[in-house]
Amino acid sequence: MLHLFKRKGRKKKREVLIPVEESSADFSGYEVSGSGCVKIGSMTLNIPSPWIMVGRYKMSVIQMYNMERSRTFFSGDHRSEAALYTEPVIIQRDELPFPPVTEVCVDHFFGDLLNPLAVILQGSSGSGKSSIAQKIMLDWASGKYPEKFNLVFYLKCEKLMCFSEEMSLIDLLSWSCSLTSNEISEMLQESKVLFIIDGFEELRFTQDIFYTPPPTDLHQKVPPEVSVCALLKGQILPDSFLLVTTRSSATQSLNNLINRPQCFTNTIVGFSKKKIEEYFQKFFQDEVLFRKAYESVGSNETMLTACSIPVICWVICTVIRERFNDGADITTDLETTTSIYVEFVSTLLEHHGQGLNESVPNLLRSLGQLAERGMLEQQVLFDEKNIQETVQDPVNNPFLNKFLLERRIKQETMFRFIHLSFQKLFTALYFVLLDEDESQKKVRELLHTVERGWALSSWSAAEFSNRDSEIRKSNQLQSVILFLCGLCKNETIDSFFKKHNVTVSINIETQLKEWIHQCSLRYQHENMMFILHCLYELHERSFIGKVLGDLVLIDLSNISLHKTDCWVLRFCFQCCERIRNLRLNVTSDHLKILQPALCSCEELRLIFDHILDDVGDFILALGDRKLMNQLMIKVDKNKNRSCPEIIGSVKDGVVTLSVSCSKISIFRPIPLDLTLICPRPVICTINWRDILQTFMRCTKEPEGSDKEVVALLQVLRSSSGLKKIHLQVDILSDTLVHTIISLIQTCPSLREFGIKAILTLQQEVIQTLQESLTDMDWMLNIWRKSLLLTRDKDSTEEELKTEYMEEALVSVSSSTLQAPGPTTSMFTPELTDRDEVKGENTHRFFSPHGGQFQCSLTKLVFVMEGKGEMLYKIVPWDPRLLDGLGQMQPAGPLYNIDCFEGSISQLHLPHCEIFSGENKVSLAVAHITGDNVEVLQPLKVSSTHVIINITEFSLFGLIKKIIYPELPVRSQVLFFVRQTSVKQKEKILDVHLLPRNVPVSEVKIQHKENRHIQTSSKCRLTPGREYSLCCLPEGLKVQPENELFEFDFDPNFHPTFEVILDVNIEEIKLSLLDKTDEEKIVWTPRQIFFTESGSSTDSTAIIKDTESEFVDNNRDELIQRVTSVMEIADCLRSKKMITDEMWSEVHAENTHRKQMRILYMVLISGGSVVKAEFYKLLKEKEPHLVESLESSSSTSPQ
């Protein structure tokens, strides 16, 4: 409804409501005066000026979009894009602790509009983001949202990047539509405005942009990015509404900018099966053709999944339609994304390339050259002058779109590829059409750029100014690598080149394969899915099997998989006979695709949103003599409060399976656990679906109820062959006891039944159980709240303590318990960097093979499943994290641990406790992820270490219950003398009292400018007690006089005492007294020498550091240029700096480069000592190379 006013004579205006269709708001057919009067018959209406302008603006939008035709390229088929528009599936996740996922439609994006709202629409390239944005714009212009928005503006970010001059937001809006700056200013005054910002990722935000002051009004001229940034932050037009489309990779940056009372992120999932069918029907129109096309694609699951991506769906429809006309088989050879795109290009060239003025090879090269330039410069729009330098006839080129861009004085003709994905394809085609040397050079630069972006993703923008730009370029170029992989050795590709007389003189397959293989070993986390997509595009089964077979771990647990990812995984896994260790986060839909390929995994860890019926099939896989011998199934704790867990393992033909969960109690979660032990074949005879369903019902019982637990045991009665059952419940009742007795009577194979009651174990119940066992060949052992029923009369209480309790704990906590090996290899880690502000030092260790390794600096022990790279560092404890855990305190440093390659199965954390009985059970491990703290009970506590299984990488630190009075702990006394200048008359000795599990290396690095004085430092100190230093000669100043000993695990270690003495004193004698215990000597007197005996050692260390830096800084050059690799390896082997296994791997390679790559693994794991020896040997064998690299380093700009 428009509010129109009718004037009659001299009477007051009265409001008249006249229904007017918004789409005809230009009042065509009516006489409109310049003052905004509309004459309808004999009646003259006064129309407010903004309404006239809005009406004209809407008509211009409709006309513009009606001119935008769908590029189907067939005999005059120029339907509007709206005719083909099919809304993809869009989901929204609420900002809640356990966020539900809901499907939303575009019409409901903005709800009731009570507050200024921002909607982020994220999705991958080709998912339909721009189509949705344009559809919203067109719907508004057509009158679909009359009550929501008075005005909608559409800003295309890729076009904004064409403007180099500064301009105001009003100017930007004027160039994006048909309105003048004055009209926009007037319309914005009282309008409810929606800004559609399409393609946020195209904006080139630099650090300067963020520090540029925002515009103070709508007319202030600033760079376009600054105007958009101010609009997003709400610094201008804060009451406006926003719809921003972006690729998923840029969502985090966008979230950091947007400032609105409400902000929702919607994710485009793609076309569902129903939506694909709808799109096919709109595309083909003819019912017979539609049915034939859809049924053909529907019978090919891989092709149907590819159609879930809207742009690929359009490409496939186009190819199929043309194949109909030619009478060819519809979907033959369309397996990979590259083959689909190449077939599309072939179709256009064959049917729409006859009128072009150049040959197909020249056309491909010219388009490729243009595409490559755009990719490297991050440019998607090309002006007419630049495009004519490479492309002869851009207007008639079927792969380019032409449009007009408004400039200040005139319109400018611009071009772009029909879709960004085709720009990437033509870049890849250009590389393979070059001569061999040039092609390999460009591919090498491409791979380097992508990998550099991966490396920079772990940096902050403050640390590297071009970080965001480099990462953006890296993300864009990844698709070029995928297309390059798809162009290698494929029948469809070869036939395309032959059909169009294209000569390919280059084979880059070896270069790509070598890079993919290296990356698969180097990147085990966020980039692994991309590597698998590369393997899929290569589509060479033997190579895929080799790459995956070499991997110790494939960890995709932090990746949200799409259906296309699942088909890639399925194909790749089916090419490999054995997957050692796989971790996935999946849904039931994913599982339907992946399940046939997952049984080739030796160790499988799955994270679900809830326990599925299909889970039983994986448990059965443990028993059917397939490869699988480890299984862990967890429910994502972010999606489900009860978090059930299933853990299974096979050893020596015996399966141990644990199902655990937490029953929600009024006061606290109560852990429930069922552990079954039986021969492998018995697993296949058990009804796992019934067991799992019954177990999950147990978690929903009220506290103290045992109805479902009884039902669970009754299900087990039908399972013959069980050897051991361990059950953990909240309360052991009479009913449960009778059910247990019935079970052991009907199951003759059962040898052991263990029960642990979490809340209470009543004496009456125990007596009932003892009486029931009187006439049976079973024996009852009791320890605290645990019972063990065995057929073996020789079982003792001690066995119950040690064997049953530890075994039950292992089966509940993890499936990867690995007993300590007979030997532990000691290593010295490499210190990679230091955060001077936080005082954190990162340690790096590369394990060349599986085994048990102890860090010589931190005393941490890692049990590795295979070769892999560890990064770890000490970080500060946040005391707030332990507030909700009761009387708990840190008992050791907090370690941030990550494993980039390979897999770690177990972690041994050093402690400093002196066990007296009670404090042994007080130790635990805090596992910290974000603001969540999970308390892990130890698998074992030795005299020096606390042992846990580790399946996720984050923060781990020892904690213990606060016991009164405090007990003594193993401690250390460390001394550092500060540097003095010539003018100083006094020197200061820093004395640290620290727990012994604080690494001395951490304290030494903090005192890197001071000298560490080594002496016997061991002592026993009691936290909370007061201590003092006793010094000889007397009269030395000590500050403070007395000090409390506290658990201090912060990376910034401050001295406990300072001893101030004359600069000429060469030695003193110190002892430590316990002031709380009548000044008892707890650290006997020691001589402290201040002579410079350590200077030679220090200089040696500096030399080694310099030589180590040479090896690190010249890695790429050394790999390329060192020729005496085996001679150096032989010398290192003779000095026992390289193991026989690694020496054999070096010797087995057939090129110097490959040998050096393996040798570098040895150098990294060996640290500065091995690197220094390598440098010495290299200088001896190849002095000219060392001289050349050192001279180039010294002359390079700093």
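To keep things clear, this report deals only with the structure shown in the data block.

Across its full length, the protein holds 38 helices and 49 strands. Here the protein, with 1198 residues, has 54% of them falling under the buried criterion. For the protein, the proportion of contacts with a sequence separation of at least 24, taken over those separated by at least 6, is 68%. Surface accessibility of the protein: about 54200 Å² in total, with carbon and sulfur atoms responsible for 48%.

What follows deals with the packing of aromatic side chains. Under the defined criterion, the tally for this structure stands at 29 aromatic pairs. Each ring, one from Tyr341 and one from Phe422, has its centre 4.8 Å from the other, and the planes form 50 degrees; the classification is tilted. One end of the pair, Tyr341, is in helix 14 (residues 337–352); the other, Phe422, is in helix 17 (residues 420–433), and 81 residues separate them in sequence. Assigned by exposure class, Tyr341 and Phe422 land together as buried. Relative to Phe417, the ring of Phe382 has its centre 6.3 Å away and its plane inclined at 80 degrees; by these criteria the two rings are edge-to-face. Within this pair, whereas Phe382 is found in strand 13 (residues 382–383), its partner Phe417 is found in strand 15 (residues 411–417), the two being separated by 35 residues in sequence. Phe417 carries the same exposure label as Phe382, and that label is buried. Joined through ring pairs, the aromatic side chains of Phe271, Tyr279, Phe280, Phe283, Phe284, Phe290 and Tyr294 make up one cluster. A cation over an aromatic ring shows up here: Lys513 above the ring of Phe543, its NZ or CZ 5.2 Å from the ring centre. Here the guanidinium or amino end of Arg1115 rests over the ring plane of Tyr1160, the centre of that ring lying 5.5 Å away.

The next thing to look at is helix 5 (residues 169–176). Burial analysis of helix 5 places seven of its eight residues in the buried class, which makes it a mostly covered element. If you check which residues of helix 5 are buried, you get Leu169, Ile170, Asp171, Leu172, Leu173, Ser174 and Trp175.

Burial runs high along strand 40 (residues 969–977): nine of the nine residues are buried. Here strand 40 shows a buried face lined by Val969, Ser971, Val973, Phe975 and Val977 and a second buried face lined by Arg970, Gln972, Leu974 and Phe976. Judged from the four bridges that link them, strand 40 and strand 43 (residues 1018–1021) form a sheet pairing that is antiparallel. Looking at the pairing, Ser971 lines up with Cys1019 of strand 43. Bridge count between strand 40 and strand 41 (residues 986–995): seven bridges; the pairing is antiparallel. Looking across to strand 41, one finds that Phe976 is bridged to Asp990. Sheet topology note: the strand 40/strand 42 (residues 1011–1013) ladder contains three bridges and is antiparallel. Bridged to Phe976 within strand 42 is His1012.

Moving on, we get to the side chain of Lys156. Along the chain, Lys156 falls in strand 9 (residues 151–156). Judged by its relative accessible area of 15%, Lys156 is buried. Apart from residues no more than four positions distant in its own chain, Lys156 is found in contact with Ser130 and Asp198.

Moving on, we get to the sheet that holds strand 46 (residues 1042–1044). To summarise the sheet geometry, strands pair through backbone hydrogen bonds and adopt either a parallel or an antiparallel arrangement. Taken together, the four strands give an open sheet; going across it, the order is 46-44-48-49, and neighbouring strands pair in antiparallel fashion. In the strand order of this sheet, the two ends are held by strand 46 and strand 49 (1080–1089), each with one partner. In this sheet, adjacent strand axes meet at a mean angle of 25 degrees when their direction is disregarded. In terms of strand pairing, strand 44 (residues 1026–1032) meets strand 48 (residues 1067–1074) through six bridges, oriented antiparallel. Bridge pairing in strand 48 places Tyr1027 opposite Asp1074.

With that settled, the discussion passes to the nonpolar core. Core analysis: the biggest nonpolar cluster contains 180 residues, and Phe280, Leu548, Phe753 and Leu789 have the highest contact counts within it. Here the element with the most residues in this core is helix 13 (residues 310–326); it accounts for ten residues. Beyond its immediate sequence surroundings of up to four residues, Phe753 is in contact with Leu713, Ile725, Leu727, Ile740, Leu743, Ile744, Trp778, Leu787, Leu788 and Leu789. Of all hydrophobic cores here, the second largest spans 70 residues; its members include Val54, Tyr145, Leu151 and Trp175.

What follows deals with the pattern of salt bridges. Within the structure shown, the criterion is met by 30 salt bridges. Of the charged contacts, one joins Asp171 and Lys221 as a salt bridge, the two residues approaching to 3.0 Å between their closest N and O atoms. Of this pair, Asp171 sits in helix 5 while Lys221 sits in the loop between helix 7 (207–211) and helix 8 (224–233), and the two are 50 residues apart along the sequence. Classification of Asp171 by relative accessible area gives buried; the value is 13%. Bridged by salt links that share partners, the residues Glu201, Glu202 and Arg247 form one connected network.

Conventions used here
- Residues numbered from 1 in each chain as written.
- Predicted model: local features only at pLDDT ≥ 70, side-chain atom pairs only at ≥ 80, totals over all residues.
- Heavy atoms only, no water.
- Helix = DSSP H or I, 4+ residues; strand = E, 2+ residues; numbered from the N terminus.
- Buried < 20%, exposed > 50% of the residue type's maximum accessible area, 1.4 Å probe, protein only.
- Contact = heavy atoms within 4.5 Å.
- Areas by Shrake-Rupley, 256 points an atom, 1.4 Å probe, with all protein chains shown as cover.
- Phe/Tyr/Trp six-rings, centres within 6.5 Å; stacked < 30°, edge-to-face > 60°.
- Lys NZ or Arg CZ within 6 Å of the ring centre and 35° of its normal.
- Pairing = 2+ DSSP bridges.
- Axes fitted to C-alpha atoms, helices over the stretch in contact; angles between N-to-C directions.
- Core = buried A, V, L, I, M, F, W, Y, C linked by side-chain atoms within 4.5 Å.
- Salt bridge = Lys/Arg side-chain N within 4 Å of Asp/Glu carboxyl O.

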